[in-house]
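As a plain string of letters, each chain reads:
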Amino acid sequence: MAAFRLFDLNPEQERAVRTTDGPLLILAGAGSGKTRVITARAAFLISRGTAPENILAVTFTNKAAKEMRGRLATMIDPEQAKRTVMSTFHALCVRILRQDIERLGYKRNFSIYDEGDTTGLIKKIITRTAARDEKLEAGLAKNLISKAKNTGWREPADDKTLIGAVYARYNQELKNLNAVDFDDLLLLTVRLLGEHGEVRERWQRKFRYIMVDEFQDTNRLQLDLITLLADEKKNVAVVGDDDQSIYGWRGAEASNILEFETHFPNPAVIKLEQNYRSTNFILGTANSLIKNNARRRAKKLWSAKEGGEKVRILAMPDDQQEAALIVGEIHSRKITEGLKWEDFAILFRMNAQSRLFETTFRDMKIPYRVVGGNSFFDSREIKDVLAYAACLMNADDDVSLLRIVNTPARGISDGTVEKATTASIHARCSVFAILRDEEFLATLTARTRGAVEKFTSFLDDMDLKMHEPLANQPGVLRALLTDSGYLTDLQRTCKTPEEWLKREQNIRYLLDDFQSYHDGHGKGLREWLDAMLLRHEREEEKEEEVSGVTLITLHASKGLEFPHVHLIGCEEGVLPHERSKLEGTVDEERRLLYVGITRAKQTLAITWCRNRTKYGSAVSCAPSTFLKELDPDLIERHDGGELLNKPVTQEKATAKFGAILDMLGKL
DNA sequence: AATCGTCTGCTTTTT
DNA sequence: GCAGACGATT
């Protein structure tokens, strides 16, 4: 291969790319080109003769992995790019576990349970375990269990506490179901690699160079995993920004990056401080805020982009007027400055804050998109389809089976299901096995027995068809949904034609996705199902088809950028959130605002309201204490109430009219 | 089995 | 203020 070209990189970036051996810590500030560095580093390693499959780049999201792979494909031979392992933590673990999980006493066809599945299971366990006067919310228990798994809390010795007992039972139950939750993917992989030297060595030999993206968001288990994968060579390059650590509440350990040296001694440390995104007004504002955090690796972002506008802080009388002013401003700037709706974003702390903006945008007929919110995968029909598929892959998967056993209604009542579950616990086998057990069937009425037998033979039939060599698997799945009467039943239970249209569209999307996965990758239901369960967003479609002003939480905005950003609701109690003050995590809230500020490329406006409607009633608010920390030299303060009521000035009207004429002229 | 009414209790959510 | 859960009703 020709000599690798590095001329698009600045000196620090180039050093990060060329430092290939031994531990490396890259402190990459917001907008400093970290994705570029990771991909260039992979390309550089390959150009120097490293085989692509010996390079591992781990990310948190599928989107990031995909983006990296795409970029790498533009830098080197796409065939080689394809062979480079770029994967999320969870997908990597699935890959490892599908090969060797048998050593931990699970079967290789294990099911992966998502949040909803696990919460449901925990709920069931709580009702079975708790005494009359004991109460435990399933959601809370799920969080506690997740935290326990992620911080390495083993089986609690004291299962005298309800949560301890539920934890132990939950793990046992999962194992019986031959299922794992998201946390288990990491936990079991760490256990597998830790306890089985030959497996560990095999993977260590494979991954000679490891890179980790968003290292500030890794938790204890993820660090353990990386440590286990890196052999004594320790060719581990981590990229991250402690100032953008905003997932502490999900178990991310900022100490992983702050104390990197204790985990990997004598690392090379490289700081990327040149920002390619924002103006210096914006970066200076961000710097002035974040320097108030005590525990951080000092860095100062700078930009070659001079000029621009000062950052505006607007005080608004209430949230209604906040929405009115911002939406109005976006509307007029789009026209007068010839911008696109996509150039604007509205950032907020809580999802609930987007509501008012949504209605205001609708009223003004401005297109908008809400990022996040309810996921495609939370819809009933998608869960049902995936449950059908899961049943064919893992006969022990009771959770999926119970989901679809009487969906559509086929004469297997709750009572029958209850009876089957009890019998399965007694017989120590799966519910599916019980439904085929002659002894059990004999206890049923002739009618119920007929229904059960029809159901099991239907699934058997589908199972057979699905696993035939050269089967048209997407076709089988499609047939399953029709022949089971599922689709007809779904249509019947939809209240409006629009609802049916939406649900049907979702299913069609899902099946099309499987079809193209099957045709393109030549992979089967197993692999596709894994990918679906580890992917909670329909990235491609969402991003390309939908356009308009972006409405997004601060958390979800990390990694994105917009020319013009409005950061709303900067009030004490909202940002920082009331709860964070009680929990002592105000620093993380400050980082959250920092992330928000650094999303802006050209202009940034921060608003706060003197009054806000919270839970139905109006409360008065104070501006966020963070606003006092921002460098006053870089900021303009306005009273937004006045701006809103001020009559339109002559010059503004002329400008606007001129712009309209301009647009008409172009037509 | 479906539907209606009342109660509750409120961040953020990469997989 | 409103969604989501749960229990009582038909």
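Residues numbered from 1 in each chain as written. Chains lettered and ligands numbered in written order. Predicted model: local features only at pLDDT ≥ 70, side-chain atom pairs only at ≥ 80, totals over all residues. Heavy atoms only, no water.

So, about the protein's contact with DNA strand B. Taken together, 24 residues surround DNA strand B, and among them Tyr247, Arg349, Asn351, Leu534 and Thr553 come closest. Protein-proximal atoms of DNA strand B, defined as those within 4 Å of the protein, fall in sugar or phosphate at a share of 47%. One nitrogen or oxygen atom from the side chain of His577 is found 3.4 Å from a sugar or linking oxygen belonging to DNA strand B. Tyr615 is positioned such that a nitrogen or oxygen atom in its side chain is 3.4 Å from a phosphate oxygen of DNA strand B. Of the residues in the surface near DNA strand B, the class split is 7 nonpolar, 9 polar and 8 charged. (Near = heavy atom within 4 Å. Polar contact = N/O pair within 3.5 Å; in protein donor to acceptor, adjacent residues only side chain to side chain. Nonpolar A, V, L, I, M, F, W, Y, C, P; charged D, E, K, R; others polar.)

It is worth spelling out the state of the cysteines at this point. Under the definition given, this model contains 0 disulfides. No disulfide involves Cys621; its sulfur sits 7.2 Å from the nearest other cysteine sulfur, which is in Cys609. For Cys621, a relative accessible area of 14% translates into the label buried. (Disulfide = S-S within 2.5 Å. Buried < 20%, exposed > 50% of the residue type's maximum accessible area, 1.4 Å probe, protein only.)

Attention now goes to helix H10 (residues 197-206). Where H10 is concerned, the buried positions are Val199, Trp203 and Gln204. Down the axis of H10, the buried side of the element spans an arc of 135°, and every buried residue falls inside it. Among the structural elements, helix H5 (89-100), helix H9 (182-195) and helix H11 (220-229) are those in contact with the buried residues of H10. (Helix = DSSP H or I, 4+ residues; strand = E, 2+ residues; numbered from the N terminus. Arc of directions from axis to C-beta. Contact = heavy atoms within 4.5 Å.)

Let's shift gears to the packing of aromatic side chains. Following the criterion strictly, the structure yields 8 aromatic pairs and no others. Taking 5.8 Å as the distance between ring centres and 25° as the angle between the ring planes, the aromatic pair formed by Trp203 and Phe207 counts as stacked. The class for Trp203 is buried, based on a relative accessible area of 4%. Centre to centre, the rings of Tyr388 and Tyr486 are 6.2 Å apart; their planes meet at 75°, and the pair counts as edge-to-face. (Phe/Tyr/Trp six-rings, centres within 6.5 Å; stacked < 30°, edge-to-face > 60°.)

One finds Leu185, Ile210, Leu225, Leu229, Leu386, Leu435 and Trp528 to be the most contacted residues of the largest nonpolar core, which totals 97 residues. Looking at this core, the element that brings in the most residues is helix H17 (residues 380-393), giving 10 residues. Setting aside residues up to four positions removed in sequence, Leu225 forms contacts with Phe89, Leu92, Cys93, Leu186, Thr189, Val190 and Leu193. Ile282, Leu301, Leu575 and Leu630 belong to the second-largest nonpolar core, a separate cluster that totals 33 residues. (Core = buried A, V, L, I, M, F, W, Y, C linked by side-chain atoms within 4.5 Å.)

Our next topic: the protein's contact with DNA strand C. Within the structure, DNA strand C sits among Lys123, Arg355, Tyr615 and Gly616. The sugar-phosphate portion of DNA strand C accounts for 53% of its atoms within 4 Å of the protein, the bases making up the rest. One nitrogen or oxygen atom from the main chain of Tyr615 is found 3.5 Å from a base nitrogen belonging to DNA strand C. Residues of the surface near DNA strand C, tallied by class, amount to 1 nonpolar, 1 polar and 2 charged.

Attention now goes to the sheet that holds strand S8 (residues 268-272). Read from one edge to the other, the open sheet built from 6 strands follows the order S3-S2-S6-S7-S1-S8, with strand pairing classed as parallel. With one partner strand each, in any of the chains shown, strand S3 (85-88) and S8 form the two edges of the open sheet. On average, each strand axis in the sheet is tilted by 15° relative to the strand beside it, whichever way the strands run. When strand S1 (residues 24-28) meets S8, the two strands line up parallel, connected through 5 bridges. (Pairing = 2+ DSSP bridges. Axes fitted to C-alpha atoms, helices over the stretch in contact; angles between N-to-C directions.)

Within the secondary structure, Glu527 is located in helix H26 (residues 525-533). Along the backbone, Glu527 and Thr598 are 71 residues apart, and their C-alpha atoms lie at a distance of 38 Å.

Before going further, it helps to spend a moment on the pairing of strand S12 (residues 344-348). Counting buried residues in S12 gives 5 out of 5 residues, a clear majority hidden from the surface. With burial as the criterion, each face of S12 is covered, one bearing Phe344, Ile346 and Phe348 and the other bearing Ala345 and Leu347. Judged from the 4 bridges that link them, S12 and strand S15 (residues 562-567) form a sheet pairing that is parallel. Among the inter-strand pairings, Ala345 is bridged to a residue of S15, identified as Val565. Bridge count for S12 against strand S14 (residues 549-553) is 4 bridges, and the pairing is parallel. What sits directly across from Ala345, in S14, is Thr550.

On to the packing of helix H1 (residues 11-18) against helix H2 (residues 34-47). One way to put it is that H1 packs onto H2 with a least axis distance of 8 Å and a crossing angle of 45°. Taken together, the axis directions place H1 and H2 in an arrangement best described as oblique. At the point where H1 passes H2, the crossing takes the right-handed sense. In this structure, H1 contributes Gln13, Ala16, Val17 and Arg18 to the contact, and H2 contributes Arg36, Val37, Ala40, Arg41 and Phe44. Taken together, the residues of the contact of H1 with H2 break down into 5 nonpolar, 1 polar and 3 charged. (Parallel < 35°, antiparallel > 145°, perpendicular 65-115°, else oblique. Left-handed = near helix turned anticlockwise from the far one by under 90°.)

Relative to the helices and strands, Thr39 resides in helix H2. Not counting chain neighbours up to four residues away, the residues in contact with Thr39 comprise Met68, Arg71, Leu72 and Met75.

This part takes up the pairing of strand S11 (residues 311-318). The buried count for S11 comes to 6 of 8 residues, which makes it a mostly enclosed element. Bridge count between S11 and strand S18 (residues 635-639): 5 bridges; the pairing is parallel. Paired with Arg312 across the strands is Glu636, a residue of S18. Here 6 bridges tie S11 to strand S16 (residues 600-614), and the two strands are oriented parallel to one another.

Within the secondary structure layout, Leu392 lies in helix H17. With 67 residues separating them along the chain, Leu392 and Leu459 place their C-alpha atoms 7.4 Å apart.

What you tend to see is this: most non-glycine residues have negative phi, and most peptide bonds are trans. Residues Thr407 and Pro408 are joined by a peptide bond in cis, for which omega reads 0°. For the bond running from Leu575 to Pro576, omega is 5°, close enough to zero to count as cis. Along the chain, Pro576 turns up in the loop between S15 and helix H29 (578-583). Phi at Glu214 takes a positive value of approximately 50°, unusual for a residue other than glycine. Looking at the secondary structure, you find Glu214 in the loop between strand S6 (209-212) and H11. Residue Glu214 is classed as buried on the basis of its relative accessible area of 16%. The backbone phi angle of Lys365 is positive, close to 60°, even though this residue is not glycine.

Here we come to the pattern of salt bridges. Throughout the structure, instances matching the rule amount to 44 salt bridges. Where Lys558 meets Glu214, a salt bridge forms, and the shortest distance between an N and an O atom there is 3.5 Å. In this pair, Lys558 sits in the loop between helix H28 (554-557) and S15 while Glu214 sits in the loop between S6 and H11, placing the two residues 344 residues apart along the sequence. Glu337 is paired through a salt bridge with Arg333; the nearest N and O atoms lie 3.0 Å apart. A relative accessible area of 42% means that Glu337 is categorised as partly exposed. Through salt bridges with shared partners, one network takes in Lys34, Asp213, Glu214, Asp217 and Lys558. (Salt bridge = Lys/Arg side-chain N within 4 Å of Asp/Glu carboxyl O.)

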